[in-house]
2 protein chains.
Amino acid sequence: MKILKVYILVLVGIVSIISCEFTQAQQATWIWYPGDYDIWLGNQVQNRRTERGTFLPPFWKMDSHFVLVEFSKKLDLAAEETIHIEVEGQYNVKLDGKLLFGSPQHVTIPAGKHSLNIKVHNQAGIPAIYIDGKTIQSDNSWQVTFEDKEWIDESGKASDTSSGTVYLNAASWNFNSPDTPPSRFKLATQPMFAVSSEKRNNGTLYDFGKETFGYVQFNGLKGSGTLNIYYGESPEEALSVDYCETLDRIPVDHPSAQDFNVSGSKAFRYVYVEKETSLTYDSLSMLYEYLPLEYKGSFRCNDDQLNKIWEVGAYTLHLTTREFFMDGIKRDRWMWSGDAYQSYLMNYYLFFDSPSVTRTTFALRGKDPVTSHINTIMDYTFYWFMGVYDYYQYTGDKQLIEQLYPRMKSLMEYCLSHRNKNGMMQGLAGDWVFIDWADFDMSKAGEVSFEQLLFCRSLETMGLCANLMNDAENAKIYNQLAYDLKSKLFTAFWSDKENAFIHNRENGVKSSQVTPFTNMFAVLFDYLDQDKTRAVKENMLLNPNALKITTPYMRFYELEALCALGEQKHVLDELRNYWGGMINLGATSFWEKYNPQEKNPELLAMYGRPFGKSLCHAWGASPIYLLGKYYLGVKPTSPGYQTYLVEPCLGDLLWMEGDVPTPNGKIHLYCSTKEIRVNSDEGTGTLKFKSQTKPVCKTATIKQIAVKQYELTLEKGQEAVVKYKNIE
Amino acid sequence: MKILKVYILVLVGIVSIISCEFTQAQQATWIWYPGDYDIWLGNQVQNRRTERGTFLPPFWKMDSHFVLVEFSKKLDLAAEETIHIEVEGQYNVKLDGKLLFGSPQHVTIPAGKHSLNIKVHNQAGIPAIYIDGKTIQSDNSWQVTFEDKEWIDESGKASDTSSGTVYLNAASWNFNSPDTPPSRFKLATQPMFAVSSEKRNNGTLYDFGKETFGYVQFNGLKGSGTLNIYYGESPEEALSVDYCETLDRIPVDHPSAQDFNVSGSKAFRYVYVEKETSLTYDSLSMLYEYLPLEYKGSFRCNDDQLNKIWEVGAYTLHLTTREFFMDGIKRDRWMWSGDAYQSYLMNYYLFFDSPSVTRTTFALRGKDPVTSHINTIMDYTFYWFMGVYDYYQYTGDKQLIEQLYPRMKSLMEYCLSHRNKNGMMQGLAGDWVFIDWADFDMSKAGEVSFEQLLFCRSLETMGLCANLMNDAENAKIYNQLAYDLKSKLFTAFWSDKENAFIHNRENGVKSSQVTPFTNMFAVLFDYLDQDKTRAVKENMLLNPNALKITTPYMRFYELEALCALGEQKHVLDELRNYWGGMINLGATSFWEKYNPQEKNPELLAMYGRPFGKSLCHAWGASPIYLLGKYYLGVKPTSPGYQTYLVEPCLGDLLWMEGDVPTPNGKIHLYCSTKEIRVNSDEGTGTLKFKSQTKPVCKTATIKQIAVKQYELTLEKGQEAVVKYKNIE
């Protein structure tokens, strides 16, 4: 009997642990209308840009949050419960249709079924709430609307809001405490110190040892006068008081010594300070400012240069992954959809930080009405669509698609209503057709094949998302539009003579120019048959006389296309040459542009300004994506890594090892020429590999699928160790 | 020679006076993107509503201003000039395409041609600028855009913004000093005192003698405890601590006596105060809060009851003309498009305050996308269109149409895309079909004839405005749509049996109900032929057994239709009976609803609440409109009173006298049974009148236009005095 009692106690203990965990799973968090916070924060961040001390805001429409939002939740309580209410804004609380007095911070709700509505007005910031009770917590299950349409008739009867009001699930980030409301969010900071300093010209040049971002601090600053601070990603820039891109001129009046923090955060490696002699300070340091993120992905191999490239890439992505995925940290610090699209893909192989993707996606999209392309750039509208579906594929987060789908439809409606008589898109007044900062002449006029290709892919994306939303009618429309456009792509732009897509068509006349863009993307999108694929590969991608891409931005896709075609060995050399080339020139983060072909490569100038080029640009970090996806060879084959593929490829490496993050864990891979080891935390994977010899695995059944080609199924939590012999 | 010199000096003096006046005409004023201030201020004002101490915001979508706006102006300076710059928000200044350092407050611009651009970011308030120089002033001639689309290419070349960027002329109000930025606007206040007070129940009841609005003040308030303040438009309401519509419960802790102002302004005539005995105060007063407006219109006649009705009407309109035209001052304090439409019309005969019309029009419209009808009410969308054209007709302000036209088009697009298969609009989920608070049953289902009628008028309005905007293509479309819908109106709703429009049609079946609304509006819109007009007049408008209208709201149109049909004598009796009836019951402002037919008329209750009814409602003030337009008989016949009609009608009066304001002056009229005197400040008028005898005018030629009907032309600044004999 005694033993039994203990046993019961143990059971009770287990139950209470479970229920405790369950309560924790129901974590209260600040919630808001989807997109509101992202748009609001995006406005703040993108309006922080300065150019030589002058405010330099974006040139596209900036939207605002909904200033009046209703939050609601249907409740079914086993017992009476008191909730704690925190709100950003002016608010009321309605329980079962009845307004409570004032703006209560605590409300006791009896057992039973209830409806709880909280309506919030906030002009300067976003309407947001935090509700915490024993079982009631604000989270993404709450419904939100910006127009509840609940009026009363002359008798006092409330209108029926069940059919005429559009609700969405609330959005949140990770503000999980009542005293961390979204308006107070700030990036983390930590003190950092210069590694050296020297007197130069009329001042002092400080070197922080590597590209960084933050607030300069003057310790023990005393006296009266002007502090002139010149920032540089290079020493040349910092020392160029007339041309450096960012600077501060700060009047100081400190009768006694005190520490002084410069208010705007800046990107720099070097800081050059000129001051009046009436001013003195003890030392200069900085507060490094960053988004705290876990490096979930990793890559190591036998080639130290590649390891360094991966590390610099990861650091570059971290520096540019801030409130949002930024382009570069020195100059714009804006979200650019084409740049962000690449950051998303890299992120899936490094941080797997989904909120950064959703924040950026919402902020880029803004709100209806659509009055121009995203960032005014036609191609950037298309990347936006593509990014949404990628997100779903990597994360499996269908709720985001639900929240975004109305804005996806209206953006596509904008595109469709701007087609020409051939059903194609061409740059209209105010449209920017970007493609790339190319070193060769390239027309942006008429029907540009690259734009139609991305447009087609965007329509396919809409078809996929419409199906996800059970919107069969629109799915059919989008898919048909994509099908038609794809056919036109080939009739309008494929040249049998060039064996490639030509660049554009103006007034019905095909140009003779062949550029790499359409061709390499067509490979990536798997739009080409075998013959055409081979032609593109040989005539364009591997042809040393083809037009050269000189931005990491388009090298991303060029090298990805080569990897997709099995040219990993070739691509490794490209990585060593191009990204290794930047490191050899002293890069501590990767650049906006680099052309190793030039005799005296222009390292610093761009946009007609001697230091216009960004030396820390997100699109420079693509090696972390390529190494994760095409060497470790990991990618999802169904949403959220429910199923996935591991197809390691050593190229010329002897061994490599790394992690690829998944929504709730990692896939770890070690691969040498003789052994493959894979371990994963979730999902069901397929390991595909080639072997000269018959491979051996003790824990799983290896299936031969072709000559020297094998595969086996990977189960979560179970390491697969395969002995094999790599095929060079 | 000496004389000549003096003459020259005099000339110089005249010239300098002229140039001085010219400079004054170029008054610098704060400017912003059209609609921004109205939307922003509208959010503030409409979110001030409380119901028994609880915040009660609107149930429709509230929009926001554009947070990033570019202001620009092309300059051609005879001489160098320094401008003073004041900005609400973070900003930069670009002169001739070049950014100036920082955010300068003073800029010196050399002689010659220049382009000046100022770009402003402001999230919490509106981006607004005030520029003042010798010849350069911020005013409505400046251009504004919310997306300048000015990007630079890799070489630093700026994009061409001339074709792809949409500019509008800036908007302003009357913020004509650098230290009165729009964000700091407040209504005026002045102290007022209770006319009596008495101990009642557990407190004191104060009577301010008439309906008023403002902030209660406790003078010499001392002690610690809670002040309970109950507001009432009636003594019953103020004394009903459990049911009064507005109240304040304020914790006080004043160790020593000090004056205390209650923070939220309220509508009331009576204030009932209950307090803890630990609290004492010397006296209670208030700060009356109002929009300072000139009473430009006036009306006096031999009937003192009518004079009183006009005065109470004018006071009612003034109380409800605040930051915007409000519905009522106690409860909603919101802009309701149907209510505001009437305020606009009354305003043209009282204040002629155009900014109040434009503020309300912009705020009601909000921004794209349109997601529901204005105020969610279908009819209210249509009144909005009608109000825009009326505004143009009365003021001649074409710039407003230019600023609004894009939003007019998109709102009409919303309507057109919500038509049913018959091309008609019917209430969909979330739509409110209001029409009136009628005391009889009335269906809102299916195709309601009244809604189609207003829809048709709105399409005609769009046709007129499209022509004004030289948008011939759309004008044609709108006019055709209006023409088609007008035909359908008669085939679908006119009943030969009833000799009237029937109320609605559901699933193709005509109802048998005849309500006054469609019929009387059809008269007003001049849609009916003589026979049909006579039928409506006799069977509906003058039929004592027809369904009775019991809101001043619809009585407005009912009586206007009767006036339009020459029934001024009858309408005078209606004014005396209905509005005089309210005054007889103690009204000091006119009510939301009043039914003199009821045995024990419900004076205070509405919406299922004992004091739900508003006793100061803008739509109650219609006599000021009717008396100005149909008795003084003044109305514009071309935009802005360039031409106008004066057609006085005494009804049963012996004499009347009054002013009707015009954009830049007044038309003054005196009319007795023997004499008419008219004097006007602008435009060319036509005086039309009937006379038993041949009329005489010494200063103008009288033309006989029919039997006993005469007219003459009125020239500005020249009084026309006509001797005649009135026809009863």
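Keep in mind it's a predicted model, so treat the numbers as computed, not measured.

Novice: Honestly, the sheet that holds strand β6 (residues 90-95) of chain A in this entry has me stumped. Any pointers?
Specialist: Within a sheet, adjacent strands bond to each other through the backbone by hydrogen bonds, running parallel or antiparallel. Residues and elements named next belong to chain A. Reading across the sheet, the six strands line up as β7-β6-β9-β4-β11-β12 and stay open at both edges, with antiparallel pairing between neighbours. Of all the strands in the sheet, the pair left with one neighbour each is β7 (98-99) and β12 (168-169). As paired elements, strand β4 (residues 68-77) and strand β11 (residues 143-145) share three bridges and run antiparallel to each other. Within β11, the residue paired with S72 across the bridge is Q143.

Novice: Before we go on, may I ask you to explain the relation of the copies chain A and chain B in this structure?
Specialist: There are two copies of the chain, and a rotation about an axis plus a shift along that axis relates them. If you rotate chain A by 180° and push it 0.0 Å along the axis, it lands on chain B with an RMSD of 0.0 Å. Within this description, the copies of the chain are treated as partners about a two-fold rotation axis. Relative to the rotation axis, the C-alpha of A124(A) is the closest in chain A, positioned 2.1 Å from it. Interface overlap between copies is the fraction of interface residues in one copy that are interface residues in the other; for chain A against chain B it reaches 100%, indicating a shared surface.

Novice: Please explain helix α4 (residues 304-320) of chain B as it appears in this structure.
Specialist: Within an α-helix, residues lying three or four positions from one another point in the same direction, as the helix has 3.6 residues per turn. Residue and element names in this part refer to chain B. With 17 residues, α4 should reach 24 Å at 1.5 Å per residue; the first-to-last C-alpha distance of 24 Å fits that figure. Among the residues of α4, those classed as buried are L306, I309, W310, V312, G313, A314, T316, L317, L319 and T320. Contact partners of the buried residues in α4: β16 (203-232), β21 (298-301), α5 (337-347), α14 (568-584) and α15 (623-631).

Novice: Help me understand the interface of chain A and chain B in this model?
Specialist: Interfaces are frequently sized by the accessible area removed from exposure as the parts join. If you look at the interface, chain A gives 56 residues, while chain B gives 56 residues. Of all the secondary structure elements, the ones that give two or more residues to the side of chain A that touches chain B are β3 (54-55), β6 and β9 (112-121) of chain A. The element that contributes the greatest number of residues to the side of chain A that touches chain B is β6(A), accounting for three residues. Residues that form the side of chain A that touches chain B fall into these classes: 23 nonpolar, 22 polar and 11 charged.

Novice: Just checking my understanding: could you explain the pairing of β6(A) for this structure?
Specialist: Regular strands place their side chains on alternate faces of the sheet. Residues and elements named next belong to chain A. Alignment of β6 against β9, held across six bridges, turns out to be antiparallel. Looking at the pairing, Q90 lines up with H121 of β9. The pairing of β6 with β7 spans two bridges and is antiparallel. Along β7, the bridge assignment pairs K94 with L99. Counted along the chain from β6 to the antiparallel partner β7, the turn is two residues long, and its residue D96 has a positive phi close to 50°.

Novice: Help me out: how do you make sense of the domain arrangement of chain A in this one?
Specialist: Residue and element names in this part refer to chain A. With domains assigned, chain A is organised as domain 1 (21-184), domain 2 (188-290), domain 3 (333-573) and domain 4 (638-723). Taking only C-alpha atoms, the centre of domain 1 and the centre of domain 3 are 36 Å apart. Each side of the interface is counted separately: domain 1 has 20 residues, and domain 3 has 16 residues. Elements with a contribution of two residues or more to the side of domain 1 that touches domain 3: α2 (36-46) and β12. Class assignment of the residues belonging to the side of domain 1 that touches domain 3 gives a composition of nine nonpolar, six polar and five charged.

Novice: Just checking my understanding: could you explain the nonpolar core for this structure?
Specialist: In this structure, I31(A), I129(A), V271(A), M335(A) and I624(A) are the most contacted members of the largest nonpolar core, which totals 194 residues. The element best represented in this core is helix α7 (residues 378-395) of chain A, accounting for 11 residues. What M335(A) contacts, discounting residues up to four positions off in sequence, is G42(A), Q46(A), F324(A), F325(A), M326(A), A340(A), T360(A), A363(A) and L364(A). Within the second largest apolar cluster, 192 residues are counted, among which are F268(B), M286(B), M462(B) and L669(B).

Novice: Looking at this model, I keep getting lost on the pairing of strand β16 (residues 203-232) of chain A. Mind explaining?
Specialist: All names here are of chain A. Across five bridges, the pairing between strand β15 (residues 196-200) and β16 is antiparallel. When the bridges of β16 are listed, R200 appears paired with G203. Counting the residues in the hairpin turn of β15 and β16 gives two residues, including N201, whose phi is positive at 50°. Across 11 bridges, β16 lies against strand β17 (residues 247-261) in antiparallel orientation. Note that in β17 the partner of F218 across the bridge is F260. Pairing of β16 with strand β19 (residues 279-280) involves two bridges; the strand directions are antiparallel. Within β19, the position partnered with G223 by the bridge is L279.

Criteria and cut-off values
- Residues numbered from 1 in each chain as written.
- Chains lettered and ligands numbered in written order.
- Predicted model: local features only at pLDDT ≥ 70, side-chain atom pairs only at ≥ 80, totals over all residues.
- Pairing = 2+ DSSP bridges.
- Helix = DSSP H or I, 4+ residues; strand = E, 2+ residues; numbered from the N terminus.
- Least-squares fit on C-alpha atoms with pLDDT ≥ 70 in both.
- Contact = placed C-beta atoms within 7 Å.
- Expected span 1.5 Å × (residues − 1).
- Buried ≥ 20, exposed ≤ 12 C-beta atoms within 10 Å, placed from the backbone.
- Nonpolar A, V, L, I, M, F, W, Y, C, P; charged D, E, K, R; others polar.
- Domains from an automatic or database assignment.
- Core = buried A, V, L, I, M, F, W, Y, C linked by C-beta atoms within 7 Å.

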